[in-house]
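Summary of the model geometry
Listed here are the chains, written in short residue letters.
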Amino acid sequence: MVVRIKTGSAGTSSTGRRTVRRSIYPHRSVRSLPVTAVRLGVAIGLSLLISCLTAYYAIEIMNFHAGIASYLFRFAGIAVSGWEQVAIFPGLQPALAPVTNIPMFDAVPDGARLVLILSIVLLLLISRRYLLTRSLSSFLIFLLIVSAVVNSLKPGLHFDSQTFGQVWLRGEMLVWLLLPWVASLLFLMPQPNMAEGIGWVLLIQVYGVLFSALRMVFSLGVLHYTGLLFMPLVWFGMGTLSDLVFLLCFYSFSVCRTSSRVWGLRTSWQS
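Predicted, not measured: the structure shown is a model, and the values here were computed from it.

Moving on to the packing of aromatic side chains. Scanning all chains against the criterion turns up 17 aromatic pairs. Three or more aromatic residues joined by ring pairs make a cluster, and in this case those are F187, W200, Y207, F211, F246, F250, Y251 and F253. Its end group placed over the ring of F105, R113 keeps NZ or CZ at 4.4 Å from the ring centre. A cation sits over an aromatic face here: R129 above Y130, 5.1 Å from the ring centre.

Turning next to the side chain of Q205. Along the chain, the position of Q205 falls in helix α6 (residues 194–226). Taking the relative accessible area as the measure of exposure, Q205 reaches 10% and is therefore buried. From its side chain, Q205 meets the backbone oxygen of W176 in a polar contact 2.9 Å long. Filtering out sequence-adjacent residues up to four positions away, Q205 remains in contact with I50, T54, W176, L179 and P180.

Of all the five residues making up strand β4 (residues 95–99), four are buried; the element is thus mostly covered by neighbouring parts of the structure. Here five bridges tie strand β3 (residues 82–86) to β4, and the two strands are oriented antiparallel to one another. Considered in β4, the bridge of E84 is made with A97.

Let's shift gears to the nonpolar core. By size, the foremost hydrophobic cluster in this structure holds 27 residues, and its most contacted members are M62, I88, F164, M173 and L220. Breaking this core down by element, the ones donating at least two residues are α2 (58–76), β4, α5 (161–188) and α6. Here this core takes seven residues from α5, the largest share from any one element. Setting aside residues up to four positions removed in sequence, I88 forms contacts with M62, Q93, A95, Q166, L169, R170 and M173.

Relative to the 40 Å expected for 28 residues at 1.5 Å per residue, α5 spans 38 Å between its end C-alpha atoms, a close match to the ideal helical length. For α5, the N-terminal cap is D160; the gap from its side-chain oxygen to the backbone nitrogen of Q162 is 3.2 Å.

Where α6 contacts helix α7 (residues 231–238), the two axes come as close as 10 Å, and the packing angle between them is 170°. Judged on the interaxial angle alone, α7 and α6 are roughly antiparallel. On α7, the residues touching R215, F218, S219, V222 and L223 of α6 are M231, V234 and M238. Residue classes in the contact of α6 with α7 are distributed as six nonpolar, one polar and one charged.

The next thing to look at is the confidence of the model for the chain. On average, residues of the chain carry a pLDDT of 85, and 83% of them reach 70 or more. A low-confidence stretch, residues 1–14 stays under pLDDT 50, and its non-local contacts, those more than four residues away or across chains, total 29 contacts.

Within the secondary structure layout, H65 lies in helix α2. Side-chain polar atoms of H65 contact the side chain of S212, separated by 3.0 Å. The contacts of H65, once residues within four sequence positions are left out, are W168, L169, W176, V209, S212, A213 and M216.

It is worth spelling out the pattern of salt bridges at this point. For the structure on display, the rule yields two salt bridges. The salt bridge involving D243 is made with R215; its shortest N-O contact spans 2.7 Å. On the criterion of sequence distance, the pair formed by D243 in helix α8 (residues 240–262) and R215 in helix α6 is long-range, its members being 28 residues apart. Of the two residues examined, D243 and R215, each falls in the buried class. Here the residues in one salt-bridge network are E172, R215 and D243, joined through shared partners.

A word on a nonpolar patch on the surface. Where nonpolar side chains cluster on the molecular surface, the patch consists of V35, L40, I44, L48, L178, W181 and V182 and spans about 620 Å² of accessible area. Listed by contribution, the elements that provide at least two residues to the nonpolar patch are α1 (37–56) and α5.

What is expected of a backbone is that most residues other than glycine have negative phi and most peptide bonds are trans. A cis amide bond links Q93 with the next residue in sequence, P94, at an omega value of 5°. Within the secondary structure, P94 sits in the loop between β3 and β4.

Cut-offs and rules
Residues numbered from 1 in each chain as written. Predicted model: local features only at pLDDT ≥ 70, side-chain atom pairs only at ≥ 80, totals over all residues. Heavy atoms only, no water. Phe/Tyr/Trp six-rings, centres within 6.5 Å; stacked < 30°, edge-to-face > 60°. Lys NZ or Arg CZ within 6 Å of the ring centre and 35° of its normal. Helix = DSSP H or I, 4+ residues; strand = E, 2+ residues; numbered from the N terminus. Buried < 20%, exposed > 50% of the residue type's maximum accessible area, 1.4 Å probe, protein only. Polar contact = N/O pair within 3.5 Å; in protein donor to acceptor, adjacent residues only side chain to side chain. Contact = heavy atoms within 4.5 Å. Pairing = 2+ DSSP bridges. Core = buried A, V, L, I, M, F, W, Y, C linked by side-chain atoms within 4.5 Å. Expected span 1.5 Å × (residues − 1). Axes fitted to C-alpha atoms, helices over the stretch in contact; angles between N-to-C directions. Parallel < 35°, antiparallel > 145°, perpendicular 65-115°, else oblique. Nonpolar A, V, L, I, M, F, W, Y, C, P; charged D, E, K, R; others polar. pLDDT = per-residue confidence, 0-100. Salt bridge = Lys/Arg side-chain N within 4 Å of Asp/Glu carboxyl O. Patch = residues over 30% accessible without salt bridge, like charges linked within 9 Å, V, L, I, M, F, W, Y side chains within 5 Å. Areas by Shrake-Rupley, 256 points an atom, 1.4 Å probe, with all protein chains shown as cover.

Structure below.
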């Protein structure tokens, strides 16, 4: 939105005054984008279509998810003895969960315990060096200390990979069903080019499945080598929070790209 202020008379007057036009961009707090009925209908229709297709092909999508994860397990050298069918939601099952060893605290190597101690020390140093990270670092240290205490008091605590995969896929399936609605609100509604907005929504949906497989493999890889020592930290960093972070990252890219075209790259950053 551009507000133009016109001072003086049109053209050049006898006194030599000239027309002055100034473009004033309102503050971001009062900017708005028109929402047309067509755009709203397209957003609702696209979100409904993607959600319905995700539910209809849920088993195929989760099998594709398992195929990507299987390749990543082999690439990372993590031993997987097989895949076991697990229940997700009625009508959206079965899914495949990897079977890999997650050692109990008694069987965890000393190197993993040393890594936990070094992680706490590193977080303490970061919090002292960068004040903005103090709250986050303190929370992560709290998670590590709680995990160490619980594992020490209950060394026989066990959590198998099949249960982890089942809980993971249940959470991700909910994300995949809701993601089109959130993506349409963030990418399609404010996007001047409707076709580009639709492209963003489709890209987000595909990336969500691929990124989920990568995070699941990473999480199970950490648990495979360190047991449950880093379980709270892994779930906090690699769980649903990561879906929110990658969605906001894509949203930032989209806003930057759109602003550079509408207002110009320099003007968009100065506004």
